[in-house]
Amino acid sequence: RPPRSTLFPYTTLFRSSKAIQPLTTGRDHSNKFVVGFFGRLLVAKGVATLVELAPWFIEQGIECRLHGTDTEHLLAGGLPPGLSWLGQYNAQNDLDHLMNDMDLVIMPTTFYEGLPIVMCEAISRGVPVLAYDGGGLRDVRGMHCDLRVISPNIKDLKREIIQFKNTPSSAERR
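Just so it is clear, the structure is predicted and the values come from calculations on it, not from any experiment. Throughout, a residue's number is its position along its own chain's written sequence, starting from 1. At least 70 in pLDDT is required for a residue's local features to be given in this predicted model, at least 80 for side-chain atom pairs to be given and counted, and no such filter applies to totals for whole chains, interfaces and linings, which use all residues. As a rule here, side-chain values cover all heavy atoms of the structure and leave hydrogens and water aside.

Caption draft 1: Quick look at the nonpolar core. If you look at the biggest cluster of nonpolar residues, it comprises 27 residues, and the most contacted ones within it are Val35, Leu50, Phe57, Leu66, Leu83, Leu157 and Ile161. To qualify as a helix, a DSSP run of H or I must reach at least 4 residues; to qualify as a strand, a run of E must reach at least 2; elements of each kind are numbered from the N terminus. A total of seven residues in this core trace back to one element, the largest contributor, which is helix α2 (residues 47–60). Contacts are assigned to residue pairs with any non-hydrogen atoms lying within 4.5 Å of each other. Those residues in contact with Leu83 that lie beyond four places of it in its chain are Leu50, Val51, Ala54, Phe57 and Cys64. One finds Val34, Val105, Ala122 and Val149 within the second-largest nonpolar core, a separate group that totals 19 residues. Definition of nonpolar core: a set of buried residues of the types Ala, Val, Leu, Ile, Met, Phe, Trp, Tyr and Cys, connected through side-chain atoms within 4.5 Å. Only protein chains enter the calculation, and the probe is 1.4 Å; a residue is then buried if its accessible area is under 20% of its type maximum, exposed if over 50%, and partly exposed in between.

Caption draft 2: Representation of the side chain of Asp70 within the structure. As for its position among the elements, Asp70 is in the loop between β2 (62–67) and β3 (83–85). Classification of Asp70 by relative accessible area gives buried; the value is 12%. In the analysis that follows, any N or O atom pair within 3.5 Å is treated as a polar contact, provided that within protein one partner can donate a hydrogen and the other can accept it, and provided that, for residues neighboring in sequence, both atoms belong to side chains. Of the polar contacts made by the side chain of Asp70, one reaches the backbone nitrogen of Leu75; its length is 2.9 Å. Those residues in contact with Asp70, other than ones at most four positions away along the chain, are Leu41, Leu75, Ala76 and Trp85.

Caption draft 3: Quick peek at the packing of aromatic side chains. Stacked, tilted and edge-to-face are the three classes assigned to paired rings of Phe, Tyr and Trp, where Trp is represented by its six-membered ring and a pair needs centres within 6.5 Å; plane angles under 30 degrees give stacked, over 60 edge-to-face, the rest tilted. Summed over the entire model, instances satisfying the criterion amount to two aromatic pairs. With 5.5 Å between their ring centres and 90° between their planes, Phe38 and Tyr89 make a pair best called edge-to-face. In this pair, Phe38 is assigned in strand β1 (residues 33–38) and Tyr89 in the loop between β3 and α3 (91–100), connecting sequence segments 51 residues apart. On the numbers, 5.8 Å between centres and 55° between planes, the contact of Trp56 with Phe57 is tilted. Using a relative accessible area of 11% as the deciding quantity, one classes Trp56 as buried. Either the NZ atom of lysine or the CZ atom of arginine qualifies as a charge over a ring when it sits within 6 Å of the ring centre and within 35 degrees of the ring normal. Cation over ring: Arg148 sits above Phe164, and NZ or CZ is 3.9 Å from the ring centre.

Following this line, the structure appears as structure tokens:
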């Protein structure tokens with residue numbers, strides 16, 4: 001297995017005096033647009049992309065919350081400002097509450113995805129999803145008004161996040 005620095009080149013952004021712990025409560029985001037990532041925190045699932053975007057999230061008034069297991073120990077050295085980690089979640093018991101606090105679920109994965117359950121869970125709760133077109137995701141492009149599937153590049157990802165931020169929620173569109 002290659003060294004972690006090869007897998008995750010952003011480790012310098014995570015340097016801190018102690019490892020972070022998951023947050024136990026969400027913040028009041030009445031003035032912030034909140035994007036969420038759900039799943040195993042893996043390089044292939046796009047965590048590196050979210051880390052790279054951390055300063056941009058702050059500039060745009062966006063809060064990015066990571067939900068899931070730090071499988072590759074990517075967060076051991078801390079998180080850059082602009083990202084928060086809420087730790088593992090129980091899909092059966094926690095998703096209603098967690099999704100209720102989201103304005104957008106983001107899936108910047110380069111990993112082959114079939115039909116991600118998190119995508120279905122978000123859409124079923126009226127939370128829009130923005131995803132890279134890995135695997136089966138390209139096949140569901142255009143199938144739902146709350147799902148946008150884009151090519152994997154940061155410029156398009158930023159543009160689409162801002163478009164969601166400036167667009168009324170699905171509840172308001174109904």
